[in-house]
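A closer look at the structure
So the chains spell out like this:
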Amino acid sequence: MNVTAVDQTVRRAAVLGSPIKHSLSPVLHAAAYQALNLHGWHYDTIECDEPGLPRLVDSMGPEWAGLSLTMPLKRVALTVADEVSPLAEAIGAANTLVFAPAGPATGSRADNTDAAGIFSALREAGLARVEQAVILGAGGTAQSALAAVRELGNLSPLVLVRNLARTGELRETAERLGMRPAISGGLFEQPLPAADLVISTLPGGAADPLSSTRWQPGTTVLDVVYAPWPTAFAGSAQAAGCPVVSGLTVLLYQAVAQVELMTGHPGPVEAMRTALAAAVAARQG
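Since this is a predicted model, take the numbers as computed values, not measurements. Just so you know, the residues in each chain are numbered from 1, in the order the chain's sequence is written. Residues qualify for local features only when their pLDDT is at least 70, as the model is predicted, and side-chain atom pairs are given and counted only at 80 or more; totals for whole chains, interfaces and linings, by contrast, use all residues. Side-chain measures here rest on the full set of heavy atoms in the structure, leaving out hydrogens and waters.

1. Concerning the pattern of salt bridges
Here the idea is simple: oppositely charged side chains can pair when their charged atoms come close. Salt bridges are defined by distance alone: a side-chain nitrogen of Lys or Arg within 4 Å of a carboxyl oxygen of Asp or Glu. The final tally for this structure, using the stated rule, is eight salt bridges. We note a salt bridge from R273 to E124, for which the minimum N-O separation is 2.7 Å. You can see R273 sitting in helix α10 (residues 269–284) and its partner E124 sitting in helix α5 (residues 114–124), a full 149 residues away along the chain. R273 is the partner of E270 in a salt bridge, and the nearest nitrogen-oxygen pair spans 3.1 Å. Note on conventions: DSSP H or I runs of at least 4 residues are helices, E runs of at least 2 residues are strands, and numbering of each starts at the N terminus.

2. Structural notes on the side chain of N95
Within the secondary structure, N95 is located in the loop between α4 (86–91) and β5 (96–100). Overall, the relative accessible area of 2% leaves N95 in the buried class. As used in this structure description, the phrase polar contact means that two N or O atoms lie within 3.5 Å; if the pair is within protein, one of them must be able to donate a hydrogen and the other to accept it, and residues adjacent in sequence are counted only when both atoms belong to side chains. Polar side-chain contacts of N95 include one of 3.2 Å to the side chain of Q254. Only heavy atoms enter the contact rule, under which two residues are in contact if any of them lie within 4.5 Å. For N95, the residues in contact, after removing those within four places along its chain, are L67, S68, L69, K74, D111, N112, T113, D114, Q254 and Q258. Any residue under 20% of the maximum accessible area for its type is buried, any over 50% is exposed, and the rest in between are partly exposed; the area is computed with a 1.4 Å probe on protein chains only.

3. Here we look at the environment of P203
As for its placement among the helices and strands, P203 is situated in the loop between β10 (197–200) and β11 (220–223). The sequence separation of P203 and D223 amounts to 20 residues, and the corresponding C-alpha distance is 9.5 Å. With near-sequence residues (within four places) excluded, P203 lies in contact with R162 and V225.

4. With respect to the nonpolar core
Soluble globular proteins: nonpolar side chains tend toward being buried together. Nine residue types can take part in a nonpolar core, namely buried Ala, Val, Leu, Ile, Met, Phe, Trp, Tyr and Cys, and a core is a set of them joined through side-chain atoms within 4.5 Å. Judged by nonpolar contacts, the single largest core of 32 residues is most densely connected at I118, L122, L146, L197, I199 and L222. Looking at this core, the elements that each hand over two or more residues are α4, α5, β7 (133–136), α6 (140–151), α7 (168–177) and β10. When residues of this core are assigned to their parent elements, the largest contribution, six residues, is made by α6. Among residues more than four places away in sequence, those in contact with L146 are I135, P157, V159, L170, T173, A174, L177, M179 and P181.

5. Digging into the sheet that holds β7
Two strands are counted as paired when DSSP detects at least two bridges linking them. Here we have six strands laid out as an open sheet, ordered β9-β8-β7-β10-β11-β12, and parallel in their pairing. The sheet terminates laterally at β9 (182–184) and β12 (244–246), the two strands that pair on one side only. Neighbour-to-neighbour, the strand axes of the sheet open up by a mean angle of 15 degrees, direction not taken into account. Helix α8 (residues 232–239) rests against β7, β10, β11 and β12 of the sheet, and its axis sits at about 160 degrees to β11. To obtain each axis, a line is fitted to C-alpha atoms, and for helices this fit is confined to the stretch in contact; angles are then taken between N-to-C directions over 0 to 180 degrees.

6. Quick word on the side chain of S144
Tracing the backbone through its elements, the reader meets S144 in helix α6. We classify S144 as buried; its relative accessible area is 3%. Beyond its immediate sequence surroundings of up to four residues, S144 is in contact with I91, N112, D114, A115 and I118.

7. Description of α7
Every buried residue of α7 is listed here: L170, T173, A174 and L177. The buried side chains of α7 occupy one side of the element, clustering within an arc of 100 degrees when seen end-on. Following α7 by one or two positions, G178 adopts a phi angle in the positive range, close to 75 degrees. Working definition: the arc comes from the directions between the helix axis and the C-beta atoms, pointing outward to the latter.

8. Some details on the packing of aromatic side chains
We call Phe, Tyr and Trp rings a pair once their centres come within 6.5 Å, taking the six-membered ring for Trp, and we label the pair stacked below 30 degrees between planes, edge-to-face above 60, and tilted otherwise. If you walk through the whole model with that rule in mind, you get two aromatic pairs. Relative to W41, the ring of Y33 lies with its centre 5.4 Å away and its plane at 50 degrees, an arrangement referred to as tilted. Summarising the aromatic geometry, the rings of W215 and F233 are spaced 5.5 Å apart at their centres and angled 70 degrees between planes, so their arrangement reads as edge-to-face. A residue pair is termed long-range when its members are at least 10 positions apart, and W215 in the loop between β10 and β11 and F233 in helix α8 qualify at 18 residues. F233 shares its class with W215; the two are buried.

9. Some thoughts on helix α9 (residues 247–263)
Each α-helix winds once per 3.6 residues, and so residues spaced three or four apart point in a common direction. The end-to-end C-alpha distance of α9 is 24 Å, a good match for the 24 Å that 17 residues give at a rise of 1.5 Å each. Most of α9 sits inside the fold, with 14 of its 17 residues counted as buried. The N-terminus of α9 is capped by S246, whose side-chain oxygen sits 2.9 Å from the backbone nitrogen of L248. Positive phi appears at G264, one or two residues downstream of α9, with a value of about 85 degrees. Helix span, expected: 1.5 Å multiplied by one less than the number of residues in the helix.

Next comes the structure, spelled out in structure tokens:
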């Protein structure tokens, strides 16, 4: 299809999760539809918990193209889909459900674009290959970070956590990805080791104790938290001259990948970036 012409085909997509009302996904996807001239496409926000996802998918008609999934739906999505991509299966979570052209009733595929979001954000920052990576945290985002780090050539990153007892799912993901991470507890009990990449997947404010880190300017730092920005953690790295990547860039690129999965067209990066920046500025204002 030539996207320079206006496409009036009625298709629907949405972001699901709980809570979901503050999601920026509608801004990103709506900007993509406009840039691609997909004027019959609509993107909604739907509050949905884990028990509700199977029922909701079953109720959807042929106009539905796909769903973006946030917490707490990323694991249950694997059980709802008819097919699971190898990457989503390896990570153990999916943030995207894509429906067959005739709608959910004729088939669905679960995929993961979180890893692609991290990878693309780091590549945009100029990082082409990683010799030593450090990942902070062991949750779902850390599992996607493992996959991104693998794509950058590092199969043995160091993962620093607060509680070793909660690393079972991370270890399983690493095994499925063919990786051999070194997982260490006592996250805040020792200085961060030298690395050319540090990814914090910790929730807002949790990485603040590491703001006293003596950064090497050659270290690229990604903090998945993006509001408020810069975080104390990211700000300390920025002040030391490190390349710093915001979680907003990760959000942008995971949505770019979702748009392509759902529409079949490459996501218009700059149009989506502009819309995201405007939405963030409006919220801060």
